[in-house]
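# A closer look at the structure
The lines below spell out each chain.
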Amino acid sequence: MDKFANKYLLWQAICECGRYSKPFVTTGTINGQIYREECLQKRLLPFLRSHRGPTLFWSDLASCHYAKPVMDWYEAKGVNVVPKEVNPPNTPELRPIEKFWAIMKKKLKKSGKTFKTDEALKKNWEKLCKEDGQSLAQDLMSSVKRNVRAFSLGEEIQ
C-alpha cells in the first residue's frame, strides 16, 4: 500500500456555451513543452476550431501558460489569448474554470472513489462532465462578461 495517495493534475477548457474540451490528466508537473503538446495542440486547438466565430482563451497565470514558446504557439495558431499584463492575479471570480474545478472535484470526492491510474481518473472525470459539466459550465460562464466589466470599473464582483 502506498504511503501517500497519487496527486493528479487535470487540465480542461470550458466555454460560455457550456462545452468543454477533452481533459488531460497527469501525475507529473506540466512544463511549457507538455502544456503546448498535450493541452494546447491536442485539446485546446480542436476545441477552439469547433466553435464558430471569435474566441478568447483566458488562462490562469501559471508560468507555463505564458512561456515564450507557448506565446509563439498561440500566435502561430491564431489563438487570441488574454495577455499576461492585463490578466489580474488572485481573481478566481473572473475565471469560472476555477469554480468549475472546485465543484466538480467536490462531486468526484463525494463519490468516494479512489483512482490508481491516470486513466481511471480521466474516465470518471469524463463521466461526471457528461452528467453535470455542460449545465455547470453554462451557469458559471453566464456571469463572466458582467464580472469583467465590474472589475474593470472597480466595482464589486457578484
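As a reminder, the structure under discussion sits directly above these lines.
Now for a quick tour of the structure.

Procedures and definitions
Residues numbered from 1 in each chain as written. Predicted model: local features only at pLDDT ≥ 70, side-chain atom pairs only at ≥ 80, totals over all residues. Heavy atoms only, no water. Core = buried A, V, L, I, M, F, W, Y, C linked by side-chain atoms within 4.5 Å. Buried < 20%, exposed > 50% of the residue type's maximum accessible area, 1.4 Å probe, protein only. Helix = DSSP H or I, 4+ residues; strand = E, 2+ residues; numbered from the N terminus. Contact = heavy atoms within 4.5 Å. Salt bridge = Lys/Arg side-chain N within 4 Å of Asp/Glu carboxyl O. Polar contact = N/O pair within 3.5 Å; in protein donor to acceptor, adjacent residues only side chain to side chain. Axes fitted to C-alpha atoms, helices over the stretch in contact; angles between N-to-C directions. Parallel < 35°, antiparallel > 145°, perpendicular 65-115°, else oblique. Left-handed = near helix turned anticlockwise from the far one by under 90°. Nonpolar A, V, L, I, M, F, W, Y, C, P; charged D, E, K, R; others polar. Arc of directions from axis to C-beta.

## Regarding the nonpolar core
- With 19 residues, the main nonpolar core has Trp11, Tyr35, Leu40, Leu44, Phe57, Tyr74 and Val79 as its most contacted residues.
- Ranked by residues supplied to this core, first place goes to helix α1 (residues 32–49) with seven residues.
- Setting aside residues up to four positions removed in sequence, leucine 44 forms contacts with Trp11, Ala13, Cys39 and Phe57.
- Grouped together as the second largest cluster of nonpolar side chains are 17 residues, Leu10, Ile14, Phe100 and Met104 included.

## Topic: the pattern of salt bridges
- For the structure shown, the criterion picks out six salt bridges.
- One salt bridge in this structure joins arginine 43 and glutamate 38, with 3.2 Å as the shortest N-O distance.
- Two residues, glutamate 131 and lysine 127, come together in a salt bridge whose shortest N-O distance is 3.7 Å. Of this pair, glutamate 131 and lysine 127 both sit in helix α4 (residues 118–141), four residues apart, roughly one helical turn.
- Residues joined in a network through salt bridges with shared partners are Glu38, Lys42 and Arg43.

## Considerations on the side chain of histidine 51
- Turning to its location among the elements, histidine 51 is positioned in the loop between α1 and α2 (68–77).
- A distance of 2.8 Å separates a polar side-chain atom of histidine 51 from the backbone oxygen of phenylalanine 47.
- Residues contacting histidine 51, with those up to four places away along its chain left out, are Cys15, Cys17 and Arg19.

## Description of unusual backbone geometry
- Its identity as a non-glycine residue notwithstanding, asparagine 90 has a phi of 55°, on the positive side.
- Structurally, the position occupied by asparagine 90 is in the loop between α2 and α3 (96–110).

## Description of the packing of α3 against α4
- Where α3 contacts α4, the axes come no closer than 10 Å and their chain directions differ by 135°. Of the possible angle classes, the one that applies to α3 and α4 is oblique. Here the hand of the crossing between α3 and α4 comes out right-handed. Two secondary-structure elements touch here, α3 through Pro96, Lys99, Phe100, Trp101, Ile103, Met104, Lys105, Lys107 and Leu108 and α4 through Leu121, Asn124, Trp125, Leu128, Cys129, Asp132, Gly133, Leu136, Ala137, Leu140 and Met141.
- Within the contact of α3 with α4, the residues separate by chemical class into 14 nonpolar, two polar and four charged.

## Looking at α2
- Buried residues of α2: Val70, Trp73 and Tyr74, and no others. Each buried residue of α2 sits inside an arc of 100° when the element is viewed along its axis, so together they form one side. Away from its buried face by more than 90 degrees, α2 exposes Lys68, Glu75 and Ala76.
- Those residues of α2 that are buried are in contact with α1.
- In the stretch just after α2, glycine 78 is the one whose phi turns positive, near 70°.

## Brief notes about the environment of glutamate 85
- Assignment of secondary structure puts glutamate 85 in the loop between α2 and α3.
- Sequence-wise, glutamate 85 and leucine 56 are 29 residues apart; in three dimensions their C-alpha atoms are separated by 15 Å.

## Focus: helix α5 (residues 144–152)
- Buried within α5 are the following residues: Val144, Asn147 and Ala150. For α5, the arc enclosing every buried residue in end-on projection is 130°, short of the 170-degree limit, so these residues lie on one face. Within α5, the exposed residues directed more than 90 degrees away from the buried face are Lys145, Arg149 and Ser152.
- The secondary structure elements touched by the buried residues of α5 are α3 and α4.
- Taken from the residues just after α5, glycine 154 is the one with a positive phi, measuring 75°.

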